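Fold and contact review
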Amino acid sequence: MLKIGITGQAGFVGKHLYNTLALFQEEFEIVDFQKDFFEDEVKLNEFVSKCDVIVHLAAMNRHNDPHVIYDTNVGLATKLVTALEATKSKAHVLFSSSTQEERDNLYGKSKKEARELLASWAKKSEGNFTGLIIPNVFGPFGHPNYNSVVATFSHKIARNETPTIDVDGDLKLIYVGELVDEIVKEIRSGESKDEVLVPHTSESKVSRILSLLEKYKSDYQDNGIIPELDSRFEVNLFNTFRCYMDIANHFPVKFTQHTDPRGAFVEVIRLNVGGQVSFSTTVPGITRGNHFHTRKIERFAVIKGKALIQLRQIGTKDTHDFYLNGDEPAYVDMPVWYTHNIKNVGDEELYTIFWINEFYDPNDPDTYFENV
């Protein structure tokens, strides 16, 4: 079993990598990292000495003074090299650099010099080093005004604010889940590679990204329609947008119920995308679910009985509790990386309709069990 430490464990990419590695508990053991380790030589040395693999993600991306970015990023790499030398580590070190390496800015320069420092350590110590040169990364839980323009746009649009475009350039992008897959692949290979150019998986003008996000806001957040998603990029962008909504106050969404002497009619879902619809009954006191998805889009619609639907973002403790009643049919959608369940809290059988945007594939179920 490989013992893996992630500097920047609590950051955008670090959190996704941490959560993904945790899915493979028979293969990887995660060595906990805290931000203050870089300010304490003893703690940093202790951390380094425990690791078979170190993924160095800790860095500063933005600051009003570019020299602070440069000093911080080179300084972090220098401290890590000092700890590697002090502990005589033979760890495989992976470093996240940026395609901005070749640009004339201090951020790109700091990334290139940090990569070269770690590569030099590996050559001197007979350690392993992999330098990943990464394009623009986007995905759920990125920090607006810091990690990516997608995070900034999504955050503002979900809150009815109006984003602005400074430069309508072409962006070469990679979804954070795809980047994590590349990192895990390099961890498993164990090979030294000073430069690995991580390929972008999509390309888009800034204005197109803004247009798509505004469409998701109009279709989905305002009207409950699952929009047309023509590519894996659009699925990833839509899942990213959903995580910036005010989930606690948006759900449950009540259906419009049409009644007449014959009974009632409820329109459950409007789709501009395919998928699979299922139906279940649940006896009182029984809980279904307690799992999460990393890519699937899913809706739970309660049409009869009383239910408690719970959601919790992986890696956090706060739980969203939504009470639904078939007397007022409503739905809750499941964001990616939120474990969720549904419990019959009434005295009669619970009727639920489930929709998911892709057919169930037992060889690739994208379903991971964790209690809410």
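Residues numbered from 1 in each chain as written. Predicted model: local features only at pLDDT ≥ 70, side-chain atom pairs only at ≥ 80, totals over all residues. Heavy atoms only, no water.

1. Remarks on the overall build of the protein
For the protein, the helix and strand inventory stands at nine helices and 23 strands. Expressed as a percentage of the 372 residues in the protein, the buried residues total 49%. In the structure as shown, the protein presents an accessible area of about 17900 Å², 47% of it carried by carbon and sulfur atoms. (Helix = DSSP H or I, 4+ residues; strand = E, 2+ residues; numbered from the N terminus. Buried < 20%, exposed > 50% of the residue type's maximum accessible area, 1.4 Å probe, protein only. Areas by Shrake-Rupley, 256 points an atom, 1.4 Å probe, with all protein chains shown as cover.)

2. Things to note about the pattern of salt bridges
Counted according to the given criterion, the structure contains 21 salt bridges. Lys254 is the partner of Glu328 in a salt bridge, and the nearest nitrogen-oxygen pair spans 3.3 Å. Of this pair, Glu328 sits in the loop between β19 (319-325) and β20 (330-334) while Lys254 sits in strand β11 (residues 253-254); the two residues are 74 residues apart in sequence, bridging distant segments of the chain. Exposure remark for Glu328: the relative accessible area of 48% places this residue in the partly exposed category. Taking relative accessible area as the criterion, Lys254 reaches 54% and is therefore assigned exposed. One connected set of salt bridges, linked through shared partners, spans Glu101, Arg115 and Glu195. (Salt bridge = Lys/Arg side-chain N within 4 Å of Asp/Glu carboxyl O.)

3. Here's the deal with the UniProt feature "domain: Capsular polysaccharide assembling protein CapF C-terminal" (unreviewed entry) in the protein
Here the UniProt feature "domain: Capsular polysaccharide assembling protein CapF C-terminal" (unreviewed entry) sits at residues 258-368. The distance separating the terminal C-alpha atoms of residues 258-368 is 37 Å; by composition the span is 0% helix and 58% strand. (UniProt positions renumbered as here; feature names shortened; annotations may be inferred.)

4. Quick notes on the UniProt feature "domain: NAD-dependent epimerase/dehydratase" (unreviewed entry) in the protein
Per the UniProt record, "domain: NAD-dependent epimerase/dehydratase" (unreviewed entry) is annotated on residues 6-190. Taken end to end, residues 6-190 has its terminal C-alpha atoms 16 Å apart, with 46% of it in helix and 18% in strand.

5. What to know about the pairing of strand β2 (residues 28-31)
As paired strands, strand β1 (residues 2-7) and β2 are joined by four bridges and run parallel to one another. Its bridge partner being in β2, Lys3 is matched across the sheet by Glu29. At this point the chain moves from β1, through helix α1 (residues 12-21), to the parallel β2, and the crossover so formed is right-handed. (Pairing = 2+ DSSP bridges. Right-handed = clockwise from strand over helix to strand, strands pointing away.)

6. Focus on α1
When you tally the buried positions in α1, you get eight out of ten residues, the bulk of the element. Taken together, the buried positions of α1 are Phe12, Val13, Gly14, His16, Leu17, Asn19, Thr20 and Leu21. Of the surrounding elements, those touching the buried residues of α1 are β1, β2, β3 (53-56), β6 (136-138) and α6 (176-189). (Contact = heavy atoms within 4.5 Å.)

7. Overview of the pairing of β1
Sheet analysis places β1 next to β3, joined by four bridges and oriented parallel. Within β3, the residue paired with Gly5 across the bridge is Ile54.

8. Some remarks on the nonpolar core
Counting 54 residues, the largest nonpolar core has Ile209, Leu237 and Ile309 as its most contacted members. Looking at this core, the element that brings in the most residues is helix α7 (residues 206-222), giving seven residues. Leaving out residues up to four positions away in the same chain, Ile209 has contacts with Val150, Phe153, Leu171, Leu173, Ser204, Phe233 and Leu237. Within the second largest apolar cluster, 25 residues are counted, among which are Ile54, Ala58, Leu80 and Ala83. (Core = buried A, V, L, I, M, F, W, Y, C linked by side-chain atoms within 4.5 Å.)

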